[in-house]
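Observations on the model geometry
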Amino acid sequence: MIDPTLVDWSRAQFALTAIYHFLFVPLTLGLSFIVAIMETLYVTTGDTKWKEVTLFWMKLFGINFAIGLATGIIMEFEFGTNWANYSWFVGDIFGAPLAIEGIMAFFLESTFFAVMFFGWNRVSKKFHLLSTWLVAIGSNLSALWILVANGWMQHPVGMQFNPETARSEMVNFWEVIFNPNAYNKFLHTISAGYITSAIFVVAISAWFLLKNEKMKDFAKRSILVATSFGLITSAYNILTGDNSAYTVAQNQPVKLAAMEGLYQGKKGAEIVAFGILNPDKKLGDKQEDFLFQISIPKALSILGYHKLDAYVAGMNDLVYGNKEHGIESAASKIGKGKKAVAALKAFKEAKKQGDIQKASSALAQFRQYEKYMGYGFLDKPEEIVPPVQITFYSFHLMVGLGIWFFVLMIVMLYKAMTGTLTKTRTWLKLAFYSLPLGFLANELGWIVAEVGRQPWAVQDLLPVKMATTHISTTSVMITFWLFAILFTFLLIAEVKIMATQIRLKGGENV
Amino acid sequence: MKTSITNIIKFYINGFRNMSKLGRKLWLIIAIKLFIFFVVIKMLFFPDILHEKFHSDKERGDYVMKNLLGGEK
């Protein structure tokens, strides 16, 4: 019997690690490109002021890279200890992408990172510039492989479960790589990282301007690059967000319903622009879904299915079924899942007894219901619904912040281009206070993706509760607090070192 | 070939030698962090359970399958 407390602590520990790790990642993804663009301007124009700008932001990039280096490895440790069933189950699929990531990250980043930092005046300007670009491309390619693996968990394709080994085995590499969930997730995540980095540069530059007007030229150059980059990537992020929603609608309809607090499905479903969920609302009851809401008509049907009047399934439809729209109930899927598990059991038993005919017939039965296997481990149909409040509010706050970043980029770019940056302190303050919001939006996006797919570790195949290792809850609790302390210490170190560097720069030209 | 390798090695040695105070501090943080991660945390708190408990992939697969089949409702 699985201890639910153990599952919760293992979950909390993994979430904590991922959240801290993901504070460092977005800045690495985006700042590397911003620095590369700045250096390109230096090399193409020969203007040494661009070199000064490049060196400063490169320093901050280096601090973030160094402090954040290898924080993600902790998650891999956790896989082996807390999630042994899961890591065995997915090992064959994850092995290839993660091995490629390791090789790419190691060779590209470690080689060219050194040239980027040690190479000024030691290699030619062009080779140095190439190294900076390769570091940016390398760090982004590392993210690709991790997100291919994550995309597979959200939509497991190109695989077949092997009952002999208890592993999901890859049968089509290209299907795994070109899984729409994977590439949409990759594009949406990296563009979110680019925006976060653009806001980081804009916010610190705004602080320079608020403190010392003599920093105007430096700040203006930084803001011009960051806002141009941020504006393009903001627009692109909206596009990739739309694609992500589309793939979620196709493959994870319960997540989409939770993101929108949609209990009862409808044709031409609206998107909630702003809403307060009814906290007493339960699946299947007649209470109102929202205490208050402002909606955009038909927008969810367009977002999810690219059709004005498409039927969007609600959580009730997906749990209890809807014959009219051909939606199978979770209870029916659980029934099929149980058949898959029973067939698996029969197969193992027949193999043990050496009854080949029985084993092959059990295997055929298993294959018939294989895609429902995970449902066989669920206790009740309602379990397929993720925590609605967290998913809904995280999603809406993320979208709201995305819109704010788009506006901020336009305004700051306009001000930088018209030379009016120092004229309105309100916008400078708004830009400065937006600094943590970029990081917050990334974390919220991650919460939507991961909390929204509960109860699954691997969609439809492996529930989280079956993915955990049977270990002592106390040891997971201890390591949870150990990480909380360790990662907080690292974060404080990063903030302190960065703040010192920024303050030193802010004091220049006074 | 030999000269190129020597040049690369010299490049790294010079780079580390002429590193700024900030660079040294960051390297120290990296070293402490990697030590804590790989020696303290990995060794003491995060054993790879399937590899420590079992000697072959067959045993590991059987154990996981037993967990899965024992846990269905």
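Residues numbered from 1 in each chain as written. Chains lettered and ligands numbered in written order. Predicted model: local features only at pLDDT ≥ 70, side-chain atom pairs only at ≥ 80, totals over all residues. Heavy atoms only, no water.

1. Description of the overall build of chain A
Applied cut-off: Secondary structure elements follow DSSP: runs of H or I of four or more residues count as helices, runs of E of two or more count as strands, with numbering from the N terminus. Based on C-alpha atoms, the radius of gyration is set beside the globule rule, defined as 2.2 Å times the residue count to the power 0.38. Relative accessible area decides the class of each residue, using a 1.4 Å probe on protein chains only: under 20% of the type maximum gives buried, over 50% gives exposed, and in between gives partly exposed. Contacts are assigned to residue pairs with any non-hydrogen atoms lying within 4.5 Å of each other.
Tallying secondary structure elements over chain A gives 18 helices and eight strands in all. Taking 24 Å as the expected radius of gyration for a compact globule of 510 residues, we find that chain A reaches 25 Å, a close match to that expectation. Overall size of chain A, expressed as C-alpha extent along the three principal axes, is 80 × 50 × 40 Å. Looking at chain A as a whole, 57% of its 510 residues are labelled buried. For chain A, contacts bridging at least 24 residues in sequence account for 78% of all contacts bridging at least 6.

2. A look at the interface of chain B and chain A
This is how it is decided: A quick way to say it: buried area is the sum, across both parts, of accessible area lost when two parts are put together, with a 1.4 Å probe. Just to be clear on terms, a salt bridge is a Lys or Arg side-chain nitrogen sitting within 4 Å of an Asp or Glu carboxyl oxygen. Here a polar contact means two N or O atoms within 3.5 Å. Within protein one must be a hydrogen donor candidate and the other an acceptor candidate, and residues neighboring in sequence count only if both atoms are side-chain atoms. Gly is placed with the polar residues, together with every amino acid not listed as nonpolar (Ala, Val, Leu, Ile, Met, Phe, Trp, Tyr, Cys and Pro) or charged (Asp, Glu, Lys and Arg).
With 38 residues of chain B at the contact, the number on the chain A side is 57 residues. Carbon and sulfur atoms supply 78% of the area that chain B and chain A bury against each other, a total of about 4,000 Å² over both sides. Inspection of the chain B/chain A interface yields one salt bridge. Summed over the shared surface of chain B and chain A, the number is six residue pairs in polar contact (both at pLDDT 80 or more). Counting residues per element, the ones that place at least two in the side of chain B that touches chain A are α1 (2-17), α2 (21-45), α3 (49-53) and α4 (57-70) of chain B. Counting residues per element, the side of chain B that touches chain A draws most heavily on α2(B), at 13 residues. Class assignment for the residues of the side of chain B that touches chain A results in 23 nonpolar, six polar and nine charged.

3. Some details on the nonpolar core
Short version of the rule: Within this scheme, the nonpolar core is defined by two criteria: the residues are buried Ala, Val, Leu, Ile, Met, Phe, Trp, Tyr or Cys, and they are joined through side-chain atoms within 4.5 Å.
One finds A:W57, A:L60, A:Y86 and A:F200 to be the most contacted residues of the largest nonpolar core, which totals 174 residues. At 17 residues, the largest contribution of residues to this core is made by helix α1 (residues 4-45) of chain A. Ignoring anything within four residues of it in the chain, the contact list for A:L60 reads A:L31, A:F200, A:I204, A:M498, A:Q501 and A:I502. Residues A:V115, A:F118, B:F11 and B:M19 belong to the second largest nonpolar core, which totals five residues.

4. Quick notes on the environment of A:I19
By secondary structure assignment, the location of A:I19 is in helix α1. Remark: the alpha-carbon pair of A:I19 and A:I447, spanning 428 residues in sequence, is separated by 8.9 Å.

5. Quick word on the packing of α1(A) against helix α16 (residues 435-451) of chain A
Residue and element names in this part refer to chain A. The test is simple: Only the stretch in contact is used when fitting a helix axis, every axis being a line fitted to C-alpha atoms; angles between N-to-C directions are given from 0 to 180 degrees. Roughly parallel means an angle under 35 degrees; roughly antiparallel means over 145; roughly perpendicular covers 65 to 115; every other angle is labelled oblique. Crossings are classed by handedness, with left-handed meaning an anticlockwise turn of the near helix from the far one by less than a right angle and right-handed meaning a clockwise turn.
At a minimum axis distance of 10 Å, the contact between α1 and α16 shows a crossing angle of 125°. If you check the angle between α1 and α16, you find them oblique. The hand of the α1/α16 crossing is right-handed. Contacts between α1 and α16 involve A18, I19, F22, L23, P26 and L27 from the first element and F439, N442, E443 and W446 from the second.

6. Thoughts on a nonpolar patch on the surface
Residue and element names in this part refer to chain A. Keep this limit in mind: Patches here are clusters of residues that have more than 30% relative accessible area and form no salt bridge, with a 9 Å joining cutoff for like charges and a 5 Å cutoff for nonpolar side chains (Val, Leu, Ile, Met, Phe, Trp, Tyr). Calculation of accessible area relied on Shrake-Rupley with a 1.4 Å probe; when residues are assessed, cover is drawn exclusively from the protein chains displayed.
Taken together, the side chains of F274, I276, L291, F292, I294 and Y393 define a hydrophobic patch exposed on the protein surface, amounting to about 570 Å² of accessible area. Sorting the residues of the nonpolar patch by element identifies β4 (271-277) and β5 (290-296) as the ones contributing at least two each. Here the nonpolar patch gets three residues from one element, more than from any other, and that element is β5. Within the secondary structure layout, L291 lies in strand β5. Among the residues examined, L291 registers a relative accessible area of 58% and is labelled exposed.

7. Regarding the environment of B:T6
All names here are of chain B. By the element assignment, T6 lies in helix α1. We classify T6 as partly exposed; its relative accessible area is 36%. Distance from T6 to I36, taken between C-alpha atoms, is 33 Å for residues 30 residues apart in sequence.

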